[in-house]
Number of protein chains: 2
Amino acid sequence: MEKQQSTTGLETALGILKQRFGDRFHTGQSIREQHAHTTTNIENQPPDCVVFAHSTQDVSETVRIASDHGVPVIPFGTGTSLEGHVNAPMGGISIDVREMNKVLAVYPEDLCVVVQPGVTRMELNEELRATGLFFPIDPGADASLGGMAATRASGTNAVRYGTMKDNVLSLECVLADGSVIRTGGRAKKSSAGYDLTRLMVGSEGTLGVITELTLKLQGVPEAMASARCTFASIEDACNAVIATIQMGIPVARIELLDALSVKAINAYSGLDLPEAPLLLLEFHGSNASVVEQSESFGEIAEDAGGSGFEWTTKAEDRTKLWQARHDAYWAQRQLDASKSALASDVCVPISHLAEAVTGAQKRAEELGLVAPILGHVGDGNFHATLLIDPNDADEMERAQQYLAWLNDEAIKLDGTISGEHGIGQGKKKYLEREIGGAIDVMRSIKQALDPQNILNPGKIVDLNAD
Amino acid sequence: MEKQQSTTGLETALGILKQRFGDRFHTGQSIREQHAHTTTNIENQPPDCVVFAHSTQDVSETVRIASDHGVPVIPFGTGTSLEGHVNAPMGGISIDVREMNKVLAVYPEDLCVVVQPGVTRMELNEELRATGLFFPIDPGADASLGGMAATRASGTNAVRYGTMKDNVLSLECVLADGSVIRTGGRAKKSSAGYDLTRLMVGSEGTLGVITELTLKLQGVPEAMASARCTFASIEDACNAVIATIQMGIPVARIELLDALSVKAINAYSGLDLPEAPLLLLEFHGSNASVVEQSESFGEIAEDAGGSGFEWTTKAEDRTKLWQARHDAYWAQRQLDASKSALASDVCVPISHLAEAVTGAQKRAEELGLVAPILGHVGDGNFHATLLIDPNDADEMERAQQYLAWLNDEAIKLDGTISGEHGIGQGKKKYLEREIGGAIDVMRSIKQALDPQNILNPGKIVDLNAD
């Protein structure tokens, strides 16, 4: 893809922005590179400049200037996305919203909060500490809430609390012409016309820039319990997951680590778990309820042939176990510290989960790849992390073969090529395989709302003109 | 609004349809009137013909013929909508999908089901009876699932199970040119591009015709309990609701009846409840959990000054209470059998619920109107049912004043003019007041996906050309 805007248009826009934003306008190479993709092996494609926005008005004016001069704008939160969402393949303006980091209003009676997009999930939960409320979505990274909404993020406790789709009540967005809209109010439900909130959630900055979010909150549960259980096979572990969901146990987290991932966390976190498929669980509820949930799961695990079942409500033990899970990505990478990581993210109906996971293990072995697996298995979502040497062309080729196979397999099993990471640049080539003709509907919407193709161009879909 | 299509185009289309569909094609006045709006006081505007579709192919061909000749198409399920969604203000073809009534596949392990759009929610639950699973959304009427998705329906147990937005996994739709798309697979979550599922849910047939739905299911709870409690005031009842939600009690239903509605159900269902604000509740869970939930609510109700708190797990007692609630609309109408009913449907943040409900009672009194109130109050959603004489121009005028006031009040309180009934024709004039400039985004999407404006025209938004 070529840069589309004329150099003159770009230069004029940069001049105006410099005048408007002063020391919040940057063109240094290092800061531009930091505002492009940095987390995986996807190429770093820096924008032409970075603007630090402090208000909706700042964002609106920046987009209007970009629109006047046909220059791309790329919204930027914490840069933790995994599929090249913040890259600037056609150059343009990175709008960094990290300093739009105020919690604007907390409504404890309504269990909701209004925040600026640069607030991170941990900052929000810190701010909520005294209220007895929390924001549940936990994608791993301490991502910005604007970015989490833009990529429809989820993570370990989506099985109970849903994804960003379920936890955004409404949004304020800046559209491609710089105008500002609100997609709704604070009502818990609405059937007032097209669901623009859900259209913007997951649109990855290609339809609008999120400048304010109204989010649902949850009451901090009275009690929490954690459990773990080892299984002889992925099938046994998946059968336990299916039974748990079917029985309606309102499990808050249910995570699978394959044997290789268990080996990795043993080494990284100094644990001594059996190197076999492991389920880690968390239960939220009243004191009585978490006991009931833990014991019910224990019975299910036993029926499924599990061993070493343990559960605890002790904060210290819970933290140790979950810290190891949260560090699992880093632990996996230490399996071969000389290599880089390539992320994957498929999601299948849970009845196909065992088949998908064991298939993914087998395919990695066939291709001579190291690819430990972690799964948010209550949702059928799992990640194989490929450890690769970017300078080894043959290994890179095999890694690409693996990813193509994995995505095709997910589609074949009636699942999706992206459970939570989004499409960005990395998965664009697979999207049409999954959704067929529906890609034309996406293209029509993009064309209608951003006819100049200036909003994060080169992500999700290309317009026909590209 | 005038009929847009040329008479020639219409006649040609009717001729082709007659040939194609034979005795599944109808132009009789009575059947045409039955396929227009019949449930409230909105004018009946019949289509030019009715086609009974038996397959996606039937729908696709019908829409293609309509598209070729510029004739409107209006999808029809059970005709139970309340805001004129099935009316044909510009004439055209009503596509009745009621005979597309097959449950195509049940996936018990994945807690999901694939159905045709004409299956009603009760038919689905009947079909699921042996599986231990159920579909929770209950809008009152035994509506078709296609229609429920199209209007983003919800009802009494949305407080626990969400609305159609939360319970549709994916859709098959026929677009304005007759092409068929799928919006996703059976994965529990996805971040694969724009959320076309949620765009179609609630689009009221204006962006596509739903021809197949993949729906989430729930396990039938081990136990259910019902409770009731009377309060001295709406404020006290609403305080109990807020405390219940804040404490995280996973209440399955929490319904408010104002004193006038209690009077109505006493008379209609032979009950003897105190004529004061009443909360009816239902709890789902394990045996232990429903006891715990009931008792916790009992404490909350007592703190809020409630009286006559009773709870039971006996099926017979539960059924009697909930049957009375389900009949409440008919009971309300019997308050004055000589009158017609006009529905309303606003939803506000629950912190504003008491203010909204008492304000609505006061406004009805000021305007000399009878308007008993029922509320799905866990969501802040309530309905005042206006009893009016359509031949009394003065009363009709006062009813319109009331509705305009109520919608404005909901907007002022950061709520919505439609919690679950949709916009249709009846609320079109209020939509822009709620969403401001976002209406232009809706219009752009409509224009992009249905440039001829043949899909259920005259609902939600008008195109600029109208």
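Residues numbered from 1 in each chain as written. Chains lettered and ligands numbered in written order. Predicted model: local features only at pLDDT ≥ 70, side-chain atom pairs only at ≥ 80, totals over all residues.

Here we look at the overall build of chain A
Okay, step 1: Check the secondary structure of chain A and you find 17 helices and 20 strands.
Okay, step 2: For chain A, whose C-alpha radius of gyration is 22 Å, the value lies close to the compact-globule estimate of 23 Å for 466 residues.
Okay, step 3: The C-alpha extent of chain A, read off along each of the three principal axes, is 70 × 60 × 40 Å.
Okay, step 4: With 466 residues in all, chain A has 58% of them scored as buried.
Okay, step 5: A sequence separation of at least 24 residues applies to 71% of the contacts in chain A between residues at least 6 apart. (Helix = DSSP H or I, 4+ residues; strand = E, 2+ residues; numbered from the N terminus. Rg over C-alpha atoms; globule rule 2.2 N^0.38 Å. Buried ≥ 20, exposed ≤ 12 C-beta atoms within 10 Å, placed from the backbone. Contact = placed C-beta atoms within 7 Å.)

Notes on the interface of chain B and chain A
Okay, step 1: The partner chain A presents 76 residues to the 76 residues of chain B that form the contact.
Okay, step 2: Elements that contribute at least two residues to the side of chain B that touches chain A include exactly helix H7 (164–167), strand S9 (180–182), helix H8 (196–200), helix H9 (234–246), helix H11 (287–303), helix H16 (428–435) and helix H17 (438–449) of chain B.
Okay, step 3: Element by element, the count of residues in the side of chain B that touches chain A is highest for H17 of chain B, at 8 residues.

Quick look at the relation of the copies chain B and chain A
Okay, step 1: When chain B is brought onto chain A, the operation consists of a screw motion whose angular component is 180° and whose axial shift is 0.0 Å, with 0.0 Å RMSD remaining. Seen this way, the second copy is the image of the first under a two-fold rotation axis. (Least-squares fit on C-alpha atoms with pLDDT ≥ 70 in both.)

Examining the confidence of the model for chain A
Low-pLDDT stretches of the model should not have their predicted coordinates read in fine detail.
Okay, step 1: The pLDDT averaged across chain A works out to 95; a share of 98% of its residues lies at or above 70.
Okay, step 2: Across the interfaces of the predicted complex, the ipTM metric reaches 0.96, alongside a pTM of 0.97. (pLDDT = per-residue confidence, 0-100.)

Some points on the sheet that holds strand S17 (residues 346–347) of chain A
Strands pair in a sheet through their backbones, by hydrogen bonds, and they do so in one of two ways: parallel or antiparallel.
All names here are of chain A.
Okay, step 1: Strand order in this open sheet of 7 strands is S15-S12-S14-S13-S18-S19-S17, and the pairing throughout is antiparallel. Single-partner strands in this sheet number two, and they are strand S15 (307–312) and S17.
Okay, step 2: One ladder, built from 2 bridges, connects S17 with strand S19 (residues 381–384); its direction is antiparallel. Directly across from Val346, in S19, lies its bridge partner Phe382.
Okay, step 3: Those strands touched by helix H10 (residues 259–269) are strand S13 (253–257), strand S14 (278–285) and strand S18 (373–376), and its axis lies near 95° from that of S13. (Pairing = 2+ DSSP bridges. Axes fitted to C-alpha atoms, helices over the stretch in contact; angles between N-to-C directions.)

Regarding the packing of helix H1 (residues 7–21) of chain A against helix H3 (residues 56–69) of chain A
Residue and element names in this part refer to chain A.
Okay, step 1: For the pair H1 and H3, the least separation of the axes is 9 Å and the interaxial angle reads 160°. With respect to H3, the element H1 is oriented roughly antiparallel. Once H1 is placed against H3, the crossing between them reads as right-handed. Facing H1, whose interface residues are Gly9, Leu10, Thr12, Ala13, Ile16, Leu17 and Arg20, H3 presents Glu61, Thr62, Ile65, Ala66 and His69.
Okay, step 2: Across the contact of H1 with H3, the residue classes break down as 6 nonpolar, 4 polar and 2 charged. (Parallel < 35°, antiparallel > 145°, perpendicular 65-115°, else oblique. Left-handed = near helix turned anticlockwise from the far one by under 90°. Nonpolar A, V, L, I, M, F, W, Y, C, P; charged D, E, K, R; others polar.)

A closer look at the sheet that holds strand S1 (residues 25–26) of chain B
Residue and element names in this part refer to chain B.
Okay, step 1: An order of S1-S2-S4-S3 is seen for the 4 strands of this open sheet, with the pairing classed as mixed. Only two strands of the sheet have a single partner each, and these edge strands are S1 and strand S3 (73–76).
Okay, step 2: In this structure, strand S2 (residues 49–52) lies alongside strand S4 (residues 93–96), joined through 4 bridges in parallel fashion. In the strand pairing of S4, Val51 is matched with Ile95.

Description of unusual backbone geometry
Okay, step 1: For Asn456 of chain A, which is not a glycine, the phi torsion comes out positive at approximately 40°.
Okay, step 2: As for its placement among the helices and strands, Asn456 of chain A is situated in the segment after helix H17 (438–449).
Okay, step 3: Although it is not a glycine, Leu111 of chain B adopts a positive phi angle of roughly 50°.
Okay, step 4: For Leu111 of chain B, the position within the fold is in the loop between strand S5 (103–107) and strand S6 (112–115).

What to know about the nonpolar core
Okay, step 1: Counting 286 residues, the largest nonpolar core has Ala149, Leu215 and Leu279 of chain A together with Ala149, Leu215 and Leu279 of chain B as its most contacted members.
Okay, step 2: If we ignore the near neighbours within four places in the chain, the residues touching Leu215 of chain A are Cys112, Val113, Val115, Phe135, Leu145, Asn167, Val168 and Leu169 of chain A. (Core = buried A, V, L, I, M, F, W, Y, C linked by C-beta atoms within 7 Å.)

Topic: the domain arrangement of chain A
All names here are of chain A.
Okay, step 1: Under the domain assignment used here, chain A contains domain 1 (7–98), domain 2 (103–219), domain 3 (223–330) and domain 4 (338–435).
Okay, step 2: With centres defined by C-alpha atoms, the gap from domain 2 to domain 3 works out at 29 Å.
Okay, step 3: Per-class residue counts for the side of domain 2 that touches domain 3 are 1 nonpolar, 3 polar and 1 charged. (Domains from an automatic or database assignment.)

Here we look at the pairing of strand S13 (residues 253–257) of chain B
Residue and element names in this part refer to chain B.
Okay, step 1: Of all 5 residues making up S13, 5 are buried, and the element is well covered by its neighbours.
Okay, step 2: Burial along S13 is two-sided: Arg253, Glu255 and Leu257 and Ile254 and Leu256, pointing in opposite directions, are all buried.
Okay, step 3: Sheet topology places S13 next to strand S14 (residues 278–285); 5 bridges connect them, and they run antiparallel. Across the sheet, the residue bridging to Glu255 is Leu280, located in S14.
Okay, step 4: Pairing of S13 with strand S18 (residues 373–376), which is carried by 3 bridges, proceeds in the antiparallel orientation. Across the sheet, residue Glu255 finds its bridge partner in S18, namely His376.

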